[in-house]
Amino acid sequence: RRYPDIVGGYFYGTGDHCIVDETLDLIRSVCRHLSFSTQDVVFYASSSGAYASILAASRLPGSLVVAIMPRFILSQSPWGKNLSEVIGIDPQAPDPFHRTDLAPLIQQSPLTRYVILYNIDSYDDTEKQELYFADEMGMSLKYGLSRKDNVLMWGYSSPDGHSGQETRELAPYILSISRKFAEG
């Protein structure tokens, strides 16, 4: 590993290198090889992986992302400081790959569908991440579903905070509802 002291890497890369872009090159190659459309691609992840999924999906028009407890702004992430210290990046500085704030990327990618699941009982996450994102999108946070354009926000309640994410048994249902949303 290049950075053994990193706590949450977000698939960030470095200041002049974006790992998500390399990953997308691989995904596009597989799609071409298997004759898949970008509409067949589903990104499904949580926490810092959800951040990377949103970033990737914003660059792959027509894809679907299911992001559970994502990070939207690195400067407000609990591991953003660690990322900054270890890699030497400033999460508040302009970034050529547009990785520091995901809300504008989502707004600029109307063909991609975003399903954002968040725990309304994870107060620190909700205050620093989801509330910011909802405000940027002109949405409100609530228990249940909220929809605006290509974004579906799904508020649920779990006493486990940021760790209160989906179970293996719930994943197929979450994916099914997300696909229905993507289909309109």
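Residues numbered from 1 in each chain as written. Predicted model: local features only at pLDDT ≥ 70, side-chain atom pairs only at ≥ 80, totals over all residues. Heavy atoms only, no water.

1. Considerations on the side chain of N119
Inspection of the secondary structure assignment puts N119 in strand 3 (residues 113-119). Here D121 takes part through its backbone nitrogen, which lies 2.9 Å from a polar atom of the side chain of N119. (Helix = DSSP H or I, 4+ residues; strand = E, 2+ residues; numbered from the N terminus. Polar contact = N/O pair within 3.5 Å; in protein donor to acceptor, adjacent residues only side chain to side chain.)

2. Examining the environment of V151
Structurally, the position occupied by V151 is in strand 5 (residues 151-156). The class of V151 is buried, set by a relative accessible area of 0%. For V151 and M139, which are 12 residues apart along the polypeptide, the C-alpha to C-alpha distance reads 9.5 Å. Look past the residues within four positions of V151 in its chain and what remains in contact with it is I106, Y114, I116, F133, M137, M139, S146 and F181. (Buried < 20%, exposed > 50% of the residue type's maximum accessible area, 1.4 Å probe, protein only. Contact = heavy atoms within 4.5 Å.)

3. Some points on the pairing of strand 4 (residues 144-148)
Relative to strand 5, strand 4 is paired through 5 bridges, and the arrangement is antiparallel. Of the residues in strand 5, the one forming a bridge with K148 is V151. Linking two consecutive strands that pair antiparallel, namely strand 4 and strand 5, is a turn of 2 residues; a positive phi of about 50° is found at D149 within it. (Pairing = 2+ DSSP bridges.)

4. Points about the sheet that holds strand 2 (residues 64-68)
Overall, mixed pairing links the 5 strands, which are arranged 1-2-3-5-4 in an open sheet. On the outer flanks of this sheet lie strand 1 (42-46) and strand 4, each paired with one strand and no other. Strand-to-strand twist in this sheet, taken as the mean axis angle between neighbours without regard to direction, amounts to 10°. Packing against the sheet, helix 2 (residues 48-58) makes contact with strand 1, strand 2 and strand 3, and its axis sits at approximately 155° to strand 1. (Axes fitted to C-alpha atoms, helices over the stretch in contact; angles between N-to-C directions.)

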